[in-house]
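# What the coordinates show
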Amino acid sequence: MLAHLCTTSLTLYILWITMAQVDGQDDKEKTTALKDLLSRIDLDELMKKDEPPFTFPKTLEEFEYAFNEDGQLRHINTGEPFVFNAREDLHRWNQKRYEALGEIITQYVYELLEKKCNMTKASLPVDASEDEPTSFIYLSPDALSNPSKLLVLIQGSGVVRAGQWARRLIINQDLDSGTQIPFITKAIEEGYGVMVLNPNENYLEVEKPALSSTLPSPTELSDEPAEKRERKEDKESKKKKEFYGKYRNPQKETETERIPIRENGSSEEHVLYVWDNFVSNAAAKNVFIMAHSYGGLSFVELMNQRDMQVKNRVCAVALTDSAHNIWLQETSKGTQDWMQQHCCNWVSSAEPLDTPLEAVLPDCPRVSAGTERHDLTSWTSFDSIFRFFAEVLEAKDDEEAEETSNTVTTRSSSHKNKHQDL
């Protein structure tokens, strides 16, 4: 910034000196002299800024932020909410700073899951070797042993990790709206075991090793025609030049590569793996699932893969602004019928909470989440979702009690008839 000001001041000083030198000349000569001077000044270069290094704090305290009693992120000294544009006209640097804070938030939520909710990590894959990348989910103490109820939470796609619905809500609004903590706490209070899935932890990111000059480049190994490849390279080169041209000394980012986690390389794979290795082994008689956004798509894919297992174990499914599509996912008629009876999708809408909405596809009923914001749909539907689960469970218990009563009556009647015959 100092160098930028010095450069600007120097340019203005030169301009002032030149104006003084041409002061004695006539207007035509002055105009010519000024045009000549301005043509030699690179205004684009003059306006460039120094991009600061991508070095950011490692803790909330170093960021000078903390969560208050209401779960809101506030500056320690000013009490103000988080400010994204910490430095004007440095969008990439501001974004990197936001991402660094986001990583700290992720670790903070993990601590809440472990300390506040008394949950523990379970590593994936379950048979992972020491040198392969792994992921994890969170389990309540009775997640596998609770004989009655199990709640499975599945988030959407993106940067969010276990225990989060939306990072933006955590940073800009509060912990209750952005995390799964309230759902976990209430579920445990109502006697559920809880599983918190982690569908976006799909790979280990490592720094890419420097390529040897003797090795052929990926473009040399490509089957693309040389002319097409050259056009693509020129386009990428121009794009990089345009971006880096914005700054006097742009920061170079470390090149990385991703090593996928076995059988958990995508949200769909992860949900299927957790079902096969955890949910299907749980003792709970009644399994409930809540899935947000892309998590709903992953659940429907689970139904496509484990149709009868899901139908036999799952009592009800609460979706919030689900991204599933029964046509694109080629869902069977039987699955669609089952979803009509056992699922409910709370979608973003201007209508009051729980207002029935017109069906778009012949799958599950749609009701309003009471908000037009996609990321808030889970939080605004909180009470409605637990009420939905309770009603489904009550109806099931009544049905089972009626079946039991009918069975006892039938047996009693049969025994009485036999006695009369004797």
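Residues numbered from 1 in each chain as written. Predicted model: local features only at pLDDT ≥ 70, side-chain atom pairs only at ≥ 80, totals over all residues. Heavy atoms only, no water.

In the nomenclature of an unreviewed UniProt entry, the protein corresponds to ARB2 cotranscriptional regulator A from the organism Cynoglossus semilaevis.

## Notes on the overall build of the protein
A count of helical and extended segments in the protein gives 16 helices and 13 strands. Within the span of the protein, comprising 422 residues, buried residues form 39% of the whole. Working note: accessible area of the protein is about 24,500 Å², and carbon and sulfur atoms make up 51% of it. (Helix = DSSP H or I, 4+ residues; strand = E, 2+ residues; numbered from the N terminus. Buried < 20%, exposed > 50% of the residue type's maximum accessible area, 1.4 Å probe, protein only. Areas by Shrake-Rupley, 256 points an atom, 1.4 Å probe, with all protein chains shown as cover.)

## Description of the pairing of strand E11 (residues 343-347)
The buried fraction of E11 is high, at five of five residues. Alternating residues of E11 divide into Cys343, Asn345 and Val347 and Cys344 and Trp346, and every residue in both groups is buried.

## Re the environment of Glu351
For Glu351, the location among the structural elements is in the loop between E11 and strand E12 (356-357). Considering only alpha carbons, one finds Glu351 and Glu372, 21 residues apart in sequence, at a separation of 8.7 Å. With near-sequence residues (within four places) excluded, Glu351 lies in contact with Leu357, Ser368 and Gly370. (Contact = heavy atoms within 4.5 Å.)

## As for the pairing of strand E9 (residues 286-292)
Extensive coverage of E9 is indicated by the burial of seven of its seven residues. Side chains Asn286, Phe288, Met290 and His292 of E9 all project onto a buried face; the interleaved residues Val287, Ile289 and Ala291 project onto the opposite face, where all are buried too. Alignment of strand E5 (residues 149-154) against E9, held across six bridges, turns out to be parallel. Paired with Val152 across the two strands is Ile289, which belongs to E9. As paired strands, E9 and strand E10 (residues 314-320) are joined by six bridges and run parallel to one another. Within E10, the residue paired with Ala291 across the bridge is Leu319. (Pairing = 2+ DSSP bridges.)

## Section: the nonpolar core
The nonpolar side chains of a soluble globular protein tend to be buried, and buried together. Grouped together as the largest cluster of nonpolar side chains are 51 residues, with contacts concentrated most on Leu151, Leu153 and Phe389. The element best represented in this core is helix H5 (residues 91-115), accounting for 10 residues. What Leu153 contacts, discounting residues up to four positions off in sequence, is Trp165, Gln180, Phe183, Ile184, Val194, Met195, Val196, Leu197 and Met290. Ranked by size, the runner-up nonpolar core spans 35 residues in total, among them Tyr273, Ala284, Met303 and Val317. (Core = buried A, V, L, I, M, F, W, Y, C linked by side-chain atoms within 4.5 Å.)

## Some thoughts on unusual backbone geometry
That bond from Leu124 to Pro125 is cis: its omega, -10 degrees, falls within 30 degrees of zero. Topologically, Pro125 is positioned in the loop between strand E3 (120-124) and strand E4 (135-139). Here the phi dihedral of Asn118 falls at roughly 60 degrees; this positive angle occurs in a residue that is not glycine. Along the chain, Asn118 falls in the loop between H5 and E3. Although it is not a glycine, Glu263 sits at a positive phi angle of roughly 60 degrees.

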